[in-house]
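Structural overview
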Amino acid sequence: MADQKAPQMQATLGLTGLTSNAMALIAPGAFLWLTFYIQATTGTTAPTMWLGIFGALLLCLATAVAYAEISKLYPGTGSSYYYAEQALLSKDKAFKYARVAKFIVGWGSHLYYWVYPGVMVATTGIFVGYVVGFLYPTFISGGNPGPVFMALVAVAFSFFVAWIAQKGAGASTAVNLAINIIQISALIVFSVLALGYRVNHPSGSTGFQYDTQTLSTYTYQFATAKDGTTMRDASGTPLPLVDAAGKPVPYKITYPTTDASGNFLTHENATSVIAPHKFSFVFIQATVAILILVGFESVTSMGGEAKNPTKHIPIAVIGSLLIQGLICYLIEYFAANYFLNSGYTMQSAAGSAAPIGDMMIIVGDALLGQGHGKYFMLAEAITVFLALIGTTLSCMNTGARVTYAMGKDDEAPEHFGILHAKSLTPRRAIWTLAIISAVIGVVAVSLVFADAGAPTDATIAALPHGIFSSFGYSTHDQLAALPNSLLTITLTSNFGTFILYALSCFLCIVAFRGRPDYNPVLHLLIPGFGLLANLVCMAFYLISPVFGLGTFKEPLLALGISALWGIYGAIYFIRSSKAKGKSILLTAK
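Position numbers for residues count from 1 along each chain, tracking the sequence in the order it is written. Restriction of local features to residues with pLDDT of at least 70 applies here, the model being predicted, together with a cutoff of 80 or more for giving and counting side-chain atom pairs; totals for whole chains, interfaces and linings are based on all residues. Based on all heavy atoms of the structure, the side-chain values leave hydrogens and waters out of the count.

**Focus: the environment of Leu-330**
Comment: elements are numbered from the N terminus, with helices defined as DSSP H or I runs of at least four residues and strands as E runs of at least two. Tracing the backbone through its elements, the reader meets Leu-330 in helix α11 (residues 309-339). In the structure, Leu-330 is positioned 16 residues away from Met-346 in sequence and 18 Å away in space, judged by C-alpha atoms.

**With respect to a nonpolar patch on the surface**
Judged by side-chain polarity, Leu-135, Tyr-136, Phe-139, Leu-152, Ile-467, Phe-468 and Phe-471 come together as a nonpolar surface patch covering roughly 720 Å² of accessible area. Turning to its location among the elements, Phe-471 is positioned in the loop between α16 (457-461) and α17 (476-480). Each residue gets one of three labels from its accessible area relative to the maximum for its type: buried under 20%, exposed over 50%, partly exposed in between, using a 1.4 Å probe on protein chains only. Among the residues examined, Phe-471 registers a relative accessible area of 55% and is labelled exposed. Surface patches are drawn from residues lacking salt bridges whose relative accessible area is over 30%; two like charges belong together within 9 Å, two nonpolar side chains (Val, Leu, Ile, Met, Phe, Trp, Tyr) within 5 Å. The Shrake-Rupley method, run with a 1.4 Å probe, gives the accessible areas here. Residue values count only the displayed protein chains as cover. Any Lys or Arg side-chain nitrogen found within 4 Å of a carboxyl oxygen on Asp or Glu counts as a salt bridge.

**Here we look at the side chain of Thr-392**
Mapped onto the elements of the fold, Thr-392 is located in helix α14 (residues 373-408). When its relative accessible area of 0% is taken as the criterion, Thr-392 is described as buried. Whenever a nitrogen or oxygen atom comes within 3.5 Å of another N or O atom, the pair is scored as a polar contact, on the condition that within protein one atom can donate a hydrogen and the other can accept it, and that pairs from neighbouring residues in sequence are kept only if both atoms are in side chains. In terms of polar contacts, Thr-392 uses its side chain to reach the backbone carbonyl oxygen of Leu-388, at 2.8 Å. Working rule for contacts: check all heavy atoms of both residues, and any pair within 4.5 Å makes them a contact. In contact with Thr-392, other than residues within four places in its own chain, are Pro-117, Met-120, Val-121, Phe-157 and Val-161.

**Details of the pattern of salt bridges**
Scanning all chains against the criterion turns up nine salt bridges. A salt bridge links Asp-410 to Lys-580; its shortest N-O distance comes to 3.1 Å. Of this pair, Asp-410 sits in the loop between α14 and α15 (427-446) while Lys-580 is found in helix α20 (residues 553-580), placing the two residues 170 residues apart along the sequence. Among the residues examined, Asp-410 registers a relative accessible area of 14% and is labelled buried. We classify Lys-580 as partly exposed; its relative accessible area is 36%. Within the structure, one salt-bridge network assembled from shared partners comprises Glu-85, Lys-102 and Asp-409.

**Side note on the packing of aromatic side chains**
The rule is short: rings of Phe, Tyr and Trp, with Trp giving its six-membered ring, pair when the centres are within 6.5 Å, and they are stacked under 30 degrees, edge-to-face over 60, tilted in between. Under the defined criterion, the tally for this structure stands at 36 aromatic pairs. Between Tyr-112 and Tyr-113, the aromatic rings sit 4.3 Å apart at their centres with planes inclined by 25 degrees, giving stacked as the arrangement. In this pair, the class of Tyr-112 matches that of Tyr-113, namely buried. Clustering of aromatic rings is evident, with ring pairs tying together Phe-103, Trp-107, Trp-114, Trp-565, Tyr-568, Tyr-572 and Phe-573. Criterion for a charge above a ring: Arg CZ or Lys NZ at most 6 Å from the ring centre, at most 35 degrees from the ring normal. Positioned above the aromatic ring of Tyr-255 is the side chain of Arg-198, whose terminal nitrogen or guanidinium carbon lies 3.7 Å from the ring centre.

**Quick notes on the side chain of Ser-493**
Relative to the elements of secondary structure, Ser-493 occurs in helix α18 (residues 485-512). Residue classification places Ser-493 among the buried residues on the basis of a relative accessible area of 0%. In contact with Ser-493, not counting residues within four places along its chain, are Leu-111, Tyr-112, Val-115, Tyr-116, Val-119 and Leu-291.

**A few points about the confidence of the model for the protein chain**
Here the protein chain averages 87 in pLDDT, while 93% of its residues score no lower than 70. The least confident element of the protein chain, judged by mean pLDDT, is helix α1 (residues 15-25) at 74; the most confident is helix α9 (residues 270-274) at 96. As a per-residue measure, pLDDT tells how confident the predictor is, with possible values from 0 to 100.

**A look at the nonpolar core**
Ranked by internal contacts, the top residues of the largest apolar core, which has 162 residues, are Trp-33, Phe-36, Tyr-130 and Tyr-501. The biggest single contributor to this core is α14, with 14 residues. As used in this record, nonpolar core signifies buried Ala, Val, Leu, Ile, Met, Phe, Trp, Tyr and Cys residues forming a set joined through side-chain atoms within 4.5 Å.

**Some thoughts on the state of the cysteines**
We call a pair of cysteine sulfur atoms a disulfide whenever their separation is within 2.5 Å. Enumeration according to the criterion identifies zero disulfides in this entry. With no disulfide of its own, Cys-505 has Cys-508 as its nearest cysteine by sulfur position, at a separation of 7.5 Å. No disulfide involves Cys-537; its sulfur sits 9.1 Å from the nearest other cysteine sulfur, which is in Cys-60. Of the residues examined, Cys-537 reaches a relative accessible area of 5% and is grouped as buried.

**Quick word on α20**
Helices are assigned an expected span. That span is 1.5 Å times one less than the residue count. Look at α20: 40 Å from first C-alpha to last across 28 residues, which is about the 40 Å you get at 1.5 Å a residue. Those residues of α20 that fall on the buried side of the exposure criterion are Lys-553, Glu-554, Pro-555, Ala-558, Leu-559, Ser-562, Gly-569, Phe-573, Ser-576 and Ser-577. Against the buried residues of α20 lie α5 (98-113), α17, α18 and α19 (520-546). One or two positions beyond α20, positive phi appears at Gly-581, with a value near 70 degrees.

**Thoughts on unusual backbone geometry**
Even without glycine at this site, Leu-215 takes up a positive phi of about 55 degrees. Turning to its location among the elements, Leu-215 is positioned in the loop between β1 (209-211) and β2 (216-218). A positive phi angle, close to 60 degrees, is found at His-277, a residue other than glycine. Mapping His-277 onto the fold places it in the loop between α9 and α10 (279-293). Assessed through its relative accessible area of 40%, His-277 is described here as partly exposed.

What follows is the structure, given as structure tokens:
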């Protein structure tokens, strides 16, 4: 077991620092930009995006209450991993299962905490590819960046964030606090402009049509060939449709619900944005939307660094989720969905590396004049990059501390349970997580434009040629037949989240049962709802493919990866226990 006399974590974080770390992981300014594309590619369920987020928010709020309550009993480093042991040890009959319970919780949480940073570094690669492609279109396509380029960015970003994380909680908290202020301000500006664009452009009015190849807006209708593709000049600029007098036909905005194939395009009114459309769609969207809301529980892993953990951690858990989830996300996702129009539809979003970046160009052109929206997009892009640093940093810190707790307990390799003497951070866990995140990031961007996001053959042909721009793209049909790698990895991370959150709700029920401060609402009804909601979302990984709801390849792959992780964990636990002479079931507390 790791030497208990080794350097220990110091209590340096107050309520502001704890809340900032949790808020940084739930980063609306980054996730709106990054996950709108993922949610847009979930098949026919896209129109229920907003309500899916609301459903995931209710699930998270119930789970947050469970975390807040149980953190009052057991403040310490390790979050649910630590809670599992303490909750079982407090019971006269169930104590013998304490070691098994904490290993299951710790191992399951790694499916979330080790995969989630990989999703973040992958989306950073996509984001940087979009911005670089916008600035240097002859080098790389912004709408469809090259997998090799995105992979290199993912690897570099992973180690950059790990470098910040290993400096200590104080440095991380200062970075996160500044990032929170900047990115929330930026998303409010975008939301106001997006709503203003929709209000000022009723159906039939002249507006902008966006071209995802040139990443620019045009005020005329595009001329099309017989096969329906857009006709372009030698530079790739769309040619205008002309009238009898030879003048370009102005583009008139409309709000069609679906296209001829039944694909969802736009919301006809504000009510449609918040409507369920189909009740099953809500659960499908929630299985993706959970990614953007997780993180409120991250501060429970920092009990060893909190000045007043029993008081401040519960407030930080609930407060971070209410600020970022209930206020920021619901406003910005409503604005983005309501903005959709015939000039930029949900299908446009499903085929773009950064739909929100496209929308920012459109609303920027409307505000600053055509051709100037790019400056607004680039300014917002800077805030998104900062938010990406914050959310990846926060998750790496949390994941590394859970791994540290397992290493310190000798449930994971012992070297993970050692703190660096100077920075008092689990550096070995941090750098290990950096390597894992880099690998996962590379995998996630390898087929990011497969399945529903597969570009047309014309789009692929128009890509700049080179290893950083076109390598990895085959044909539309071949890509459409393959699973979307980013969605698969995202769903894997989310499945780990559902496992962790379900177990945490259950632990809250167990921990408070029989205690004098037991409250049936806080300690049974609310965590019971959270437990049920998490289990239902997990069930939809099987239900959606069976009943043809949304996409089907990615949920099944995510289930397969999760199953393999669970089987490997069981084998590791049994062999490790035998090798170390540790009893699986405790005989004494």
